[in-house]
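# Structural overview for review
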Amino acid sequence: MAEEQAHLEAGHHDGGVEEIEGVPPQISATPGMPERKAVKRRQDRVRENLHLLPKNAQEANYRVRPLNGVWATAPYLHNGSVPNLYALLSPVEERPKKFYLGNREYDPVNVGYRTDELTGGFEMDTTIRGNYNTGHEFSDASGKAGVIGRALTPAERKELIEYLKSL
Ligand code: HEM
């Protein structure tokens, strides 16, 4: 209970319709600055559309961003632990455990940037806590944490990538 209260005070909330009445501290206006109209527009948009979502999505704590332009936003997942869309649609054991960030050469096949060793680049090590790449997995290991769908064949992954490129 105390922990829940601490989360609320830090601006984290449970989602749902009531919660959008308040403006989370991280997007409230800086004292002395005018309140941004975008905040109200966002709240109005959420209010208009929320009832259209399935019940569990209405109650969700975390709503994922739309995937528009996702071809241009590698590396993927909130911690950038997956270098390209092909790896994101592959089972975790097939995703690279370590890769280099900072390369500007685009990889149009896997959809992301090249990840080979790069002088001055950053080596992303997904075995370090906080860098794990274990979520959002398509696998037949049902019941395993982080699995959100059945395993996809390589051909299915490529077809999905073509779709994602069109967003
Ligand atoms: C074929 C089906 C799916 C495709 C192609 C897909 C695609 C994607 C992609 C490309 C991202 C990365 C966005 C980014 O990093 O900028 C993403 C993130 C996410 N997706 Fe999916 N997704 C699918 C199914 C699902 C399902 C079934 C769920 C929930 C059960 C889900 C929940 C999420 C969540 C919560 C994130 C954010 C994860 C994070 O940032 O760490 N997705 N999805």
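Below: a short report on this structure. (Residues numbered from 1 in each chain as written. Predicted model: local features only at pLDDT ≥ 70, side-chain atom pairs only at ≥ 80, totals over all residues. Heavy atoms only, no water.)

### Examining helix α2 (residues 37-49)
Counted at 1.5 Å a residue, the expected span for α2 with its 13 residues is 18 Å, and the 19 Å between its end C-alpha atoms agrees. Considered for burial, the residues of α2 that qualify are Val39, Gln43 and Val46. Take α2 and look down its axis: the buried residues cluster within an arc of 65°, on one side only. Exposed positions of α2 whose direction lies more than 90 degrees from the buried face are Lys37, Arg41 and Glu48. (Helix = DSSP H or I, 4+ residues; strand = E, 2+ residues; numbered from the N terminus. Expected span 1.5 Å × (residues − 1). Buried < 20%, exposed > 50% of the residue type's maximum accessible area, 1.4 Å probe, protein only. Arc of directions from axis to C-beta.)

### Focus on the packing of aromatic side chains
With the rule as written, the count across this model stands at two aromatic pairs. For the pair Trp71 and Tyr106, a centre-to-centre distance of 6.1 Å together with 90° between the ring planes defines the contact as edge-to-face. With Trp71 in the loop between α3 (55-58) and α4 (85-88) and Tyr106 in strand β2 (residues 106-107), this pair connects stretches of sequence that are 35 residues apart. Classification of Trp71 as partly exposed rests on a relative accessible area of 41%. Here Tyr106 falls in the partly exposed class, since its relative accessible area comes to 29%. The rings of Trp71, Tyr106 and Tyr113 are connected pair by pair, giving a single aromatic cluster. Across from the ring centre of Tyr113, 5.4 Å away, lies the NZ or CZ of Arg104, which sits over that ring. (Phe/Tyr/Trp six-rings, centres within 6.5 Å; stacked < 30°, edge-to-face > 60°. Lys NZ or Arg CZ within 6 Å of the ring centre and 35° of its normal.)

### Here's the deal with the site of the ligand
The environment of the ligand is formed by 15 residues, the closest being Arg65, Leu77, His78, His136 and Ile148. For the ligand, an oxygen atom lies 2.8 Å from a polar atom in the backbone of Leu77. Within the contact set of the ligand, an oxygen atom lies 2.4 Å away from a side-chain nitrogen or oxygen of His78. (Near = heavy atom within 4 Å. Polar contact = N/O pair within 3.5 Å; in protein donor to acceptor, adjacent residues only side chain to side chain.)

That is the geometry; function is a separate question.
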